[in-house]
Number of protein chains: 2
Amino acid sequence: MAKDKSYVSEAVMRRMPKYYRYLTDLEKSGIERVSSKELSHRMGLTASQIRQDFNCFGGFGQQGYGYNVSDLRHEIHKILGLTRVYNMIILGAGNVGQALANYTNFEKDGFIIKGLFDINPRLIGMSIRGIPVYDIDELESFISKNEIHIAVICTPKEKAQEVADRVIRCGVKGIWNFAAMDINAPRDTIVENVHLSDSLYTLSFRMSDD
Amino acid sequence: MAKDKSYVSEAVMRRMPKYYRYLTDLEKSGIERVSSKELSHRMGLTASQIRQDFNCFGGFGQQGYGYNVSDLRHEIHKILGLTRVYNMIILGAGNVGQALANYTNFEKDGFIIKGLFDINPRLIGMSIRGIPVYDIDELESFISKNEIHIAVICTPKEKAQEVADRVIRCGVKGIWNFAAMDINAPRDTIVENVHLSDSLYTLSFRMSDD
DNA sequence: TAGATTGTTAATCGATTAACAATC
DNA sequence: TAGATTGTTAATCGATTAACAATC
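Residues numbered from 1 in each chain as written. Chains lettered and ligands numbered in written order. Predicted model: local features only at pLDDT ≥ 70, side-chain atom pairs only at ≥ 80, totals over all residues. Heavy atoms only, no water.

The environment of DNA strand C is formed by 26 residues, the closest being Ser48(A), Gln52(A), Ser36(B), Gly61(B) and Tyr67(B). Near the protein, within 4 Å, the atoms of DNA strand C are sugar or phosphate in 58% of cases. One nitrogen or oxygen atom from the side chain of Gln49(A) is found 3.1 Å from a sugar or linking oxygen belonging to DNA strand C. In the model, a sugar or linking oxygen of DNA strand C is placed 3.0 Å from a nitrogen or oxygen of the Gly64(B) main chain. (Near = heavy atom within 4 Å. Polar contact = N/O pair within 3.5 Å; in protein donor to acceptor, adjacent residues only side chain to side chain.)

The next thing to look at is the nonpolar core. For soluble globular proteins, the rule of thumb is that nonpolar side chains tend to be buried together. Trp176(A) and Trp176(B) are the most contacted members of the largest nonpolar core, which has 99 residues in total. When near neighbours in sequence (up to four residues on either side) are disregarded, Trp176(A) contacts Phe106(A), Ile150(A), Ala151(A), Val152(A), Ile153(A), Glu192(A), Val194(A), Leu196(B), Ser199(B), Leu200(B) and Leu203(B). Counting 21 residues, the second-largest nonpolar core is a separate cluster that includes Phe142(A), Ala151(A), Val172(A) and Ile183(A). (Core = buried A, V, L, I, M, F, W, Y, C linked by side-chain atoms within 4.5 Å. Buried < 20%, exposed > 50% of the residue type's maximum accessible area, 1.4 Å probe, protein only. Contact = heavy atoms within 4.5 Å.)

A separate point is the packing of helix H1 (residues 10-28) of chain B against helix H3 (residues 47-54) of chain B. Residue and element names in this part refer to chain B. Across the interface, H1 lies against H3 with an axial gap of 11 Å and an inter-helix angle of 100°. Classified by the angle between their axes, H1 and H3 sit roughly perpendicular to one another. Across the interface between the two elements, Val12, Arg15 and Tyr19 of H1 pack against Gln49, Ile50, Asp53 and Phe54 of H3. Tallied by class, the residues present in the contact of H1 with H3 amount to 4 nonpolar, 1 polar and 2 charged. (Axes fitted to C-alpha atoms, helices over the stretch in contact; angles between N-to-C directions. Helix = DSSP H or I, 4+ residues; strand = E, 2+ residues; numbered from the N terminus. Parallel < 35°, antiparallel > 145°, perpendicular 65-115°, else oblique. Nonpolar A, V, L, I, M, F, W, Y, C, P; charged D, E, K, R; others polar.)

Turning our attention to the domain arrangement of chain A. In terms of domain boundaries, chain A breaks down into domain 1 (10-79) and domain 2 (86-199). The distance between the C-alpha centroids of domain 1 of chain A and domain 2 of chain A comes to 32 Å. (Domains from an automatic or database assignment.)

Let's shift gears to the relation of the copies chain A and chain B. For the pair chain A and chain B, the best superposition has an RMSD of 0.0 Å and corresponds to a rotation of 180° with a translation of 0.0 Å parallel to the axis. Such a turn and shift between the copies fits a two-fold axis. No C-alpha of chain A lies nearer the rotation axis than that of Ala99(A), which sits 3.0 Å from it. Interface overlap between copies: 100% of the residues of chain A at the interface are likewise at the interface in chain B, consistent with a symmetric, same-surface contact. (Least-squares fit on C-alpha atoms with pLDDT ≥ 70 in both.)

For the rest of this paragraph, the subject is the sheet that holds strand E7 (residues 150-153) of chain A. Read across the open sheet, the 7 strands follow the order E5-E6-E4-E3-E7-E8-E9 (chain A); overall the sheet is mixed. Only two strands of the sheet have a single neighbouring strand rather than two, namely strand E5 (127-128) and strand E9 (190-193) of chain A. Pairing geometry for strand E3 (residues 86-91) of chain A and strand E4 (residues 111-118) of chain A, over 6 bridges, is parallel. Residue pairing across strands places Ile89(A) opposite Gly115(A), the latter belonging to E4(A). Here helix H5 (residues 95-102) of chain A sits on the sheet and contacts E3, E4, E5, strand E6 (131-135) and E7 of chain A; the angle it forms with E4(A), its principal contact strand, is near 155°. Running over the sheet, helix H9 (residues 196-207) of chain B touches E3, E4, E7, strand E8 (174-177) and E9 of chain A and is turned about 170° from E9(A). (Pairing = 2+ DSSP bridges.)

Attention now moves to the sheet that holds strand E6 (residues 131-135) of chain B. Residue and element names in this part refer to chain B. Strand order in the open sheet formed by 7 strands is E5-E6-E4-E3-E7-E8-E9, with mixed pairing between adjacent strands. With one partner strand each, in any of the chains shown, strand E5 (127-128) and strand E9 (190-193) form the two edges of the open sheet. Where strand E8 (residues 174-177) meets E9, 4 bridges bridge the pair, whose relative direction is parallel. By the bridge assignment for E9, Gly174 is matched with Ile190.

If you want it as structure tokens, here you go:
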């Protein structure tokens, strides 16, 4: 019943994790079924939009009943690609890199941090939550020995493109970028940005909005 | 010449920080003028969109010339509300809270972290980059003594709404939310979300896209 | 002046909302 | 069966792109 994901719009795609969050909460609170109307109230969307969104991927509901929470959650789990495991490395073991390494929640979803890399001799050899910090010189050999799917860029922005180029050359196809710049990458490499300063500027913009 | 910000769409608003980033880079590299066409190539937008975006706020360019980089950057600086200072507190002094406190770049833009708050006795009394960690019990009295504009929520998601309610009651009008849930707040309180897991799920989605 | 590029209007495209037949 | 709610088509709305007169 599930359709192809190829032509899902950016807007729909960005709502999927939110659906997943709400359905996880509903399931946890023991709720078995939910209608698009009920979900629309909780999430602040329209029921129409919710049905349109789900029907990009297949008909997960049942007329007169609604959606089975657990089934729907499971479908979205699959849609998000969370049935597999992703091996990650963190480039830059500063504040942000260390915070991400310490954050254990990603592991529950199958995102495994295999190592951190830095240029700073004081950090190299350390370990964070049991995850070693390697010399950035070992980057290429490490990737060739371990199957790394995602590189998390936590370097200063001056070094971000350089390290991105290096991991792309090694065949890494996913980049989670925390540096305050846009990364250039070939079409088959997915770059997802977390621009914290952009987010803070947006907050500032809206607070000073007249 | 500058227009009202009231009816700026979400889409335009989200592009403003990106313009600010690119203009800052251009100014740093000593480039004086830029046309919408040149900027469109660099940023991967259309020239038309760029001109439309800027004209939401006023006519900052000059026919036949383009835009003066430094002037335009300064205009966007104002538009983003970065001419003032924001006092912030961080709620939750765990990984994320500490990482944000250690990150000095926000201060350059006038976002000053006045304190962290936690429930954990081991953290209370510590200081991070000179910024004290207070007992969460002191939250209300601290806010009443200091003019706090923004609360950064870095608590576990179970506590997020509770601490949000407390700071809102004290008159805080801006919330930067790092917890993996949506915060309920009155209309005059601005909530800006950084949902890291949503971002990671989106990356996963696009990597497994068929 | 001639060339370049804006600001702005009109046309297009895509996303959201509304409506309703299908059906559980 | 009657009531509820989906899946889907049609209508609307808003955002992006194209075009061009204005003008530096």
